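Chain and residue survey
Residues per chain are reported as follows:
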Amino acid sequence: KTNIHDFDRIYVKSLAGKFIPLRQLASIEFKEAPGIIIRKDLQKTATLMADIRKGYTLEEVLNPVVEELNEYNLPKGYDFALAGELENRQGSFGGMFKAIIIAVIAIFAVLVLQFRSFIQPLIMFASLPFAFIGSIWAWFLTGNTFSFTAFIGLISLVGIVINNAIILVDYTNVLRRDGKQIEEAIKAACEIRFTPIILTTLTTIGGLLPLTLGGGTLWAPMGWGIIGGLITSTFLTLLIVPVLYYLISKTQQTLLPVE
């Protein structure tokens, strides 16, 4: 239990480097003061502030508190709202959702102009869901939570994962323009582009490992999210994209520019 006499044990460092007792610099006493009514959105409010003890995450501490508050029978006219880090996170996530949608639309538009087709970009985007699944598993296995930096990792994955599919589809188109049949072109493209795709993935993961292992709770979720997404999307891209390319090429010949 603390009291006013605890201030007598506080020392202040002077410009000369010496520590001076606070009681020699100030007199501390209790006095009456006028009450202050704090309002937010024209409503009377009372703010409770707290810090999270080291070793705990925001969700671990806040979720039980919210459950208790939801079960508590508040008097009529009373309510509660969460602010601080959670409020900032929700606002940031709203902007990040818009950013990832804009990124997807922009990449899709560029691919449509490049390949002069609406179908082939869709084939390339088929690898994205597998990348997100890999990120989720990476966070789960490493014990990390979804955070703002993890969201940045997902946005980065959109561009990184599509690169592998672009390499595969573009080279398949080149082989088909050279006169190869669909099956032969797909097989040759997978064999020739397999090594570059794997090496690109490994170098990206190697570059992320120092940040991931030494970045603490701030950057580790982003690093593990990108690494997990790259691992799953790379191997599944080499399976899913060729299969979709083959099936769609058989049914939508006129939509795939091979001449």
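It should be noted that the structure appears before, not after, this text.
Residues numbered from 1 in each chain as written. Predicted model: local features only at pLDDT ≥ 70, side-chain atom pairs only at ≥ 80, totals over all residues. Heavy atoms only, no water.

**Notes on the nonpolar core**
Heads up, the rule is: To define a nonpolar core, start from buried Ala, Val, Leu, Ile, Met, Phe, Trp, Tyr and Cys residues and group those joined through side-chain atoms within 4.5 Å. For every residue, the accessible area obtained with a 1.4 Å probe (protein chains only) is divided by the maximum for its type, and the residue is called buried under 20%, exposed over 50%, and partly exposed between those limits. The helix count covers DSSP runs of H or I at least four residues long, the strand count covers runs of E at least two residues long, and both are numbered beginning at the N terminus.
Counting 40 residues, the largest nonpolar core has Leu157 and Leu168 as its most contacted members. It is helix α5 (residues 148–177) that provides the largest number of residues to this core, a total of twelve residues.

**So, the pattern of salt bridges**
The condition that has to hold: Throughout this description, the term salt bridge denotes a Lys or Arg side-chain nitrogen within 4 Å of a carboxyl oxygen of Asp or Glu.
One pass over the structure, following the stated rule, counts one salt bridge. Here Lys180 ties to Glu184 by a salt bridge, and the two come within 3.4 Å at their closest N and O atoms. By relative accessible area, Glu184 is classed as partly exposed at 43%.

**Section: unusual backbone geometry**
Of note in the backbone geometry, Arg116 takes a positive phi value of approximately 50° without being a glycine. By the element assignment, Arg116 lies in the loop between α2 (85–115) and α3 (119–125). Arg116 sits in the exposed class, given a relative accessible area of 63%.

**A word on the environment of Ile198**
Inclusion rule: Note on definitions: a residue-residue contact is assigned when non-hydrogen atoms from the two residues lie within 4.5 Å.
Within the element layout of this structure, Ile198 appears in helix α6 (residues 182–214). Judged by relative accessible area, which is 19%, Ile198 ranks as buried. In the structure, Ile198 is positioned 37 residues away from Phe235 in sequence and 8.6 Å away in space, judged by C-alpha atoms. Apart from the residues lying within four places of it in its own chain, the contact partners of Ile198 are Thr234, Phe235 and Leu238.

**Here we look at the packing of helix α4 (residues 128–142) against helix α7 (residues 216–251)**
Just so we agree on the cut-off: Every axis in this analysis is a line fitted to C-alpha atoms, fitted for helices over the stretch in contact. Angles between the N-to-C directions lie between 0 and 180 degrees. Here the word oblique covers every angle except those under 35 degrees (roughly parallel), over 145 (roughly antiparallel) and from 65 to 115 (roughly perpendicular). For any pair of crossing helices, the crossing counts as left-handed if the nearer helix is rotated counterclockwise from the farther one by less than a right angle, and right-handed if it is rotated clockwise.
Two numbers describe how α4 lies on α7: the axes approach to 7 Å, and their chain directions differ by 135°. Put simply, α4 runs oblique to α7. Here α4 and α7 pass one another in a crossing that is right-handed. Contact with α4, carried on its side by Phe130, Ala131, Gly134, Ser135, Ala138, Trp139 and Thr142, involves Pro221, Trp224, Gly225, Gly228, Gly229, Thr232, Ser233, Leu236 and Ile240 of α7 and no other residues of that element.

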